[in-house]
Amino acid sequence: MKHNRLYALIALSLAAVSAQAADEYSKDWFFTVNGGVNFNDNDRSVHTDQSVIVGAGFGRYVAPKSTFEFSLDYTDRDVSRSNNDKWSSTHATGSLRHFIGNGDWQGYLMAGGGVSRRSLDSISNSVDYVPVFQVGAGVQNRVSKSVALRGELGYRFDFDDEAITGESQFGDVYLTFGAVIGLSEVSAPVAVADAADAPIEPPPPPPVDGDDDNDGVLNSVDKCPNTPAGEAVGPDGCPIAVVIDLRGVNFAFDKSELSAESVTILDQAVDALTRYPALKVEVAGHTDSIGTEAYNQGLSERRARAVYDYLTGHGISADRLSGPTGYGETRPIDSNATADGRARNRRTELSKQQ
């Protein structure tokens, strides 16, 4: 038959569209039911201009806003006033519907094709299969998570050149209303936005880097993760030697009273000890070599006591201080042969203790 080539082309096209769409996107299947009015082509020479059309189908989303649906519908027309003269058409079609919008109400455009079984009763008692194409538009309203109502206006071409002599095709307009019943929520009209409309997700926050030993150095760079709280540490988190320089806390010859300059330096020592609460020091006093050894021993102890009392009087706990200890003239740091050297030897020191 001369329509065979056209049938094959329709079947091949629908199969290619369906296969391509399925590869690109996959959704659950849904069912459709509908009914409405078919406005018959005047060239059909039927008794009434309008006929009832009913149908059902199934489909799936093949893209975020597109469906591919298979449907079967039936139309019965009266050829004459006799009840025995019937012209019925059963259409099996596959159609693509592309939806517009993202809300519960969505418009759509439709195009598709398939095969129609045409049956003429009483007149010629003939049955034939002819190709059909259809286009249309509609609107769909989602009323629940898995149910939507649909109205569609379409135009269908039947390429039938054997039903009526001199006619090779017929064009009918149809208006249908129905429901789309999904197997799951995703089968309802999806409200997936286009890529340009999709919200931009903020980047995840960076991981929190803690300081488990509370030494002020983050775990990620702390090479000594178990440093006691309050220990003086370097940038790598490891303990460092802390030297509290008391140069300037010197004493006049044969004196143990603190001068105004010495008080300023001791205030800095108080600040350092406060910042490192784990630091323990020895308070030591020294003298030059002038005088007897016994006298110098007592003088160094009095000098150490003066510093010790100042520190404890300014908030430094006594359990962090060893001494006060006097070393007399036994630990010079300069020569006792010059006045400047002897002045430097008359001093106090804070030495870090383990």
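Residues numbered from 1 in each chain as written. Predicted model: local features only at pLDDT ≥ 70, side-chain atom pairs only at ≥ 80, totals over all residues. Heavy atoms only, no water.

Caption draft 1: View of the packing of aromatic side chains. In the structure shown here, the tally under the stated rule is nine aromatic pairs. With a centroid separation of 4.7 Å and 80° between ring planes, the pair formed by Tyr-155 and Phe-157 is classed as edge-to-face. Accessibility expressed as a relative area gives 31% for Tyr-155, which makes it partly exposed. Taken together, the ring pairs in this structure connect Trp-29, Phe-58, Phe-68 and Phe-70 into an aromatic cluster. Across the ring face of Tyr-327, the terminal group of Arg-331 is positioned such that the distance to the ring centre comes to 3.8 Å. (Phe/Tyr/Trp six-rings, centres within 6.5 Å; stacked < 30°, edge-to-face > 60°. Buried < 20%, exposed > 50% of the residue type's maximum accessible area, 1.4 Å probe, protein only. Lys NZ or Arg CZ within 6 Å of the ring centre and 35° of its normal.)

Caption draft 2: How the structure looks around the environment of Tyr-276. Residue position: Tyr-276 is located in the loop between helix 2 (260-275) and strand 9 (280-285). Expressed as a C-alpha distance, the spacing of Tyr-276 and Ala-232, which sit 44 residues apart in the sequence, is 5.9 Å. (Helix = DSSP H or I, 4+ residues; strand = E, 2+ residues; numbered from the N terminus.)

Caption draft 3: Examining the nonpolar core more closely. Val-283, Leu-311 and Leu-321 are the most contacted members of the largest nonpolar core, which has 17 residues in total. Counting residues per element, the ones that place at least two in this core are helix 2, strand 9 and helix 3 (293-313). In this structure, Leu-311 is in contact with Leu-266, Val-270, Leu-273, Val-283, Ile-316, Leu-321 and Leu-350, ignoring residues within four places of it in sequence. (Core = buried A, V, L, I, M, F, W, Y, C linked by side-chain atoms within 4.5 Å. Contact = heavy atoms within 4.5 Å.)

Caption draft 4: Broad picture of the sheet that holds strand 4 (residues 86-100). The strand order 1-2-3-4-5-6-7-8 describes a closed barrel built from eight strands, whose pairing is antiparallel. On average, adjacent strands in this sheet sit at an angle of 25° to one another, irrespective of strand direction. Where strand 4 meets strand 5 (residues 105-120), 14 bridges bridge the pair, whose relative direction is antiparallel. Each residue of the ladder has a partner; that of His-98, found in strand 5, is Leu-109. (Pairing = 2+ DSSP bridges. Axes fitted to C-alpha atoms, helices over the stretch in contact; angles between N-to-C directions.)

Caption draft 5: Inspection of helix 3 at higher detail. For helix 3, which comprises 21 residues, the first-to-last C-alpha distance of 30 Å matches the rise-based estimate of 30 Å (1.5 Å per residue) to within 8%. Those residues of helix 3 that sit buried are Asn-296, Leu-299, Ser-300, Arg-303, Ala-304, Ala-306, Val-307, Tyr-308, Tyr-310 and Leu-311. Looking at the packing, one finds that the buried side of helix 3 touches helix 2, strand 9, strand 10 (321-326) and strand 11 (348-353). Remark: Gly-315 follows helix 3 within two positions and exhibits a positive phi of approximately 95°. (Expected span 1.5 Å × (residues − 1).)

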